[in-house]
Amino acid sequence: MKTALEDVRVLDLSRVLAGPYATQMLGDLGADVIKVERPGKGDDTRSWGPPWTTNADGSRGDASYFFACNRNKRSLALDFHKPEGRAVLHRLFAWADIVVENYKGGDLERFGLDQATIRQAHPGLIWCSITGFGHSSPDAHRAGYDFMIQAEAGLMDITGEKGGRPLRAGVAVADLTTGMMAVTAMLAALRHRERTGEGQHIDMALFDVTVGWLANQASSWLMGGAEPGRMGNQHPSIVPYQDFPTATGPIALAVGNDHQFGIFARLVGHPEWPEDARFATSAARSANRELLVPMVEAVLKSRPAEEWLALLSEAQVPAGPIATVRQALESGQSQARGLVVEQAHPRLGTVRTVAQPLALTATPPSYRRPPPAVGEHGREILAELGIPAAEIDELVRSGVIGAA
């Protein structure tokens with residue numbers, strides 16, 4: 001099957017989530033991705049359990065976290081603190097089209113492996129750095145983990161119940177959105193190189209992306225002069241747009257415009273609501289949410305969730321169940337869209353991961369390799385780089401290369 005990036009070679013020097021998520025996206029689109037890991041331990045997320053996977057022989061495998069972002073990669077366990085390891089890395093720099101790394105400012109410079117040094121020797125190389133605060137920042141030396149970034153970038157202050165404590169999102173959105181934005185930047189850099197032959201440095205920062213991701217909440221302050229705060233599941237501008245209780249449990253209701261509100265009001269037996277000046281427009285409903293929300297709650301409590309969802313769906317009023325992760329993954333919608341990928345795995349038998357949600361007709365994502373064991377492809381990769389077998393054996397014996 002034809003893939004969009006089948007001739008692109010990616011050297012992945014990143015770990016944890018933002019970088020590996022980005023390189024998995026590139027791999028799913030067809031790129032050949034070599035993941036460089038520490039001999040023995042490998043990526044940090046291999047030990048971020050529970051839950052853990054179970055090997056076919058019953059022994060404990062890697063943490064399930066690792067499997068979320070390391071599909072379609074080959075693993076090379078390499079100690080580049082040693083000169084022989086750095087020599088291998090230099091061969092890989094010559095091989096690669098793209099390098100992705102997430103080392104703090106100054107870490108790679110100590111070994112002469114920083115982007116400025118390497119790109120001087122390989123001017124066509126696209127180098128993507130992913131850090132917490134960016135290399136041009138006064139905080140470049142700080143480690144940047146998703147939780148602290150959500151806090152410092154303002155996201156936690158607008159997440160949680162009104163009057164309650166600030167909360168992080170349920171997944172690492174700072175990492176994930178930075179990974180996605182990094183892919184966008186790398187694809188733009190590839191297009192630039194096609195035209196000019198010139199590579200470039202991409203300086204991605206979790207803080208930058210998370211601030212940019214504030215979107216309308218940022219505009220509330222920048223353009224409206226209103227500093228947003230926590231509102232639970234309510235929307236700052238749209239009403240009714242939140243979770244509501246029913247006779248059997250909550251549902252999510254998202255009435256997005258005046259037309260939908262008119263349909264909703266008639267459906268729930270209150271055709272007079274849209275004629276009331278307090279509720280006739282989106283701005284009026286927002287200004288009078290303290291009146292309208294209890295009225296909506298009262299009427300929705302009169303029937304079970306299943307009945308309301310069926311009626312709302314038929315009327316094309318946006319609403320849905322509040323599903324668990326398991327329910328979402330096992331839903332008919334997920335099955336119809338092919339959102340769960342199953343792959344054969346040499347140690348685990350079968351692995352299941354979430355599919356790449358990019359529905360391309362000519363060059364769809366492909367799932368060629370399951371997440372690898374630490375160093376699983378070391379000998380294969382070194383042989384492709386032209387290193388003789390005897391030299392590979394010596395690198396393994398000396399611990400420069402970790403064997404799977």
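Further up the page is the structure itself.
Residues numbered from 1 in each chain as written. Predicted model: local features only at pLDDT ≥ 70, side-chain atom pairs only at ≥ 80, totals over all residues. Heavy atoms only, no water.

Caption draft 1: Structural context of the environment of Glu380. Looking at the element boundaries, Glu380 is found in helix 14 (residues 378-384). Taking the C-alpha atoms as reference points, Glu380 and Leu76, separated by 304 residues in sequence, lie 9.1 Å from one another. There is a polar contact of 2.7 Å between the side chain of Glu380 and the side chain of Arg74. (Helix = DSSP H or I, 4+ residues; strand = E, 2+ residues; numbered from the N terminus. Polar contact = N/O pair within 3.5 Å; in protein donor to acceptor, adjacent residues only side chain to side chain.)

Caption draft 2: Structural view of helix 11 (residues 305-314). Restricting attention to buried positions, one finds in helix 11 the residues Ala305, Trp308, Leu309 and Leu312. Projected onto a plane normal to the axis of helix 11, the buried residues spread over an arc of 100 degrees and lie on a single side. Exposed and facing more than 90 degrees away from the buried side of helix 11 are Glu306 and Glu314. The inward-facing, buried residues of helix 11 abut strand 10 (251-254), helix 8 (258-267), helix 10 (289-300) and strand 11 (319-321). (Buried < 20%, exposed > 50% of the residue type's maximum accessible area, 1.4 Å probe, protein only. Arc of directions from axis to C-beta. Contact = heavy atoms within 4.5 Å.)

Caption draft 3: Fine view of the packing of aromatic side chains. Enumeration over the complete set of coordinates arrives at 7 aromatic pairs. Between Phe80 and Tyr103, the aromatic rings sit 6.1 Å apart at their centres with planes inclined by 70 degrees, giving edge-to-face as the arrangement. In this pair, Phe80 is assigned in the loop between strand 5 (74-78) and helix 2 (83-95) and Tyr103 in the loop between strand 6 (98-101) and helix 3 (115-121), connecting sequence segments 23 residues apart. In this structure Phe80 comes out as buried when scored by relative accessible area, which is 7%. (Phe/Tyr/Trp six-rings, centres within 6.5 Å; stacked < 30°, edge-to-face > 60°.)

Caption draft 4: Here's a closer look at the sheet that holds strand 5. As summarised here, the arrangement of the 7 strands in space is 8-7-6-1-2-5-14, forming an open sheet in which the pairing is mixed. The open sheet has two edge strands with one neighbour each: strand 8 (200-205) and strand 14 (401-402). Pairing between strand 5 and strand 14: 2 bridges, direction antiparallel. Among the inter-strand pairings, Ala77 is bridged to a residue of strand 14, identified as Gly402. Relative to the sheet, helix 5 (residues 173-196) contacts strand 6, strand 7 (126-131) and strand 8, its axis offset from that of strand 8 by approximately 165 degrees. (Pairing = 2+ DSSP bridges. Axes fitted to C-alpha atoms, helices over the stretch in contact; angles between N-to-C directions.)

Caption draft 5: Region of interest: the side chain of Arg285. Summarising the element assignment, Arg285 is placed in helix 9 (residues 282-287). With a relative accessible area of 1%, Arg285 lands in the buried category. Each residue touching Arg285, except ones within four places of it in the same chain, is listed here: Val239, Asn257, Asp258, Phe261, Arg278, Phe279, Ala280 and Leu292.

Caption draft 6: Here's a closer look at the pattern of salt bridges. Scanning the entire structure with this criterion turns up 21 salt bridges. With a closest N to O distance of 2.9 Å, Asp43 and Lys35 form a salt bridge. We classify Lys35 as buried; its relative accessible area is 0%. Across the salt bridge formed by Arg278 and Asp276, the nearest N and O atoms sit 2.7 Å from each other. Taken together, the shared-partner salt bridges connect Asp32, Arg74, Glu380 and Glu384 into one network. (Salt bridge = Lys/Arg side-chain N within 4 Å of Asp/Glu carboxyl O.)

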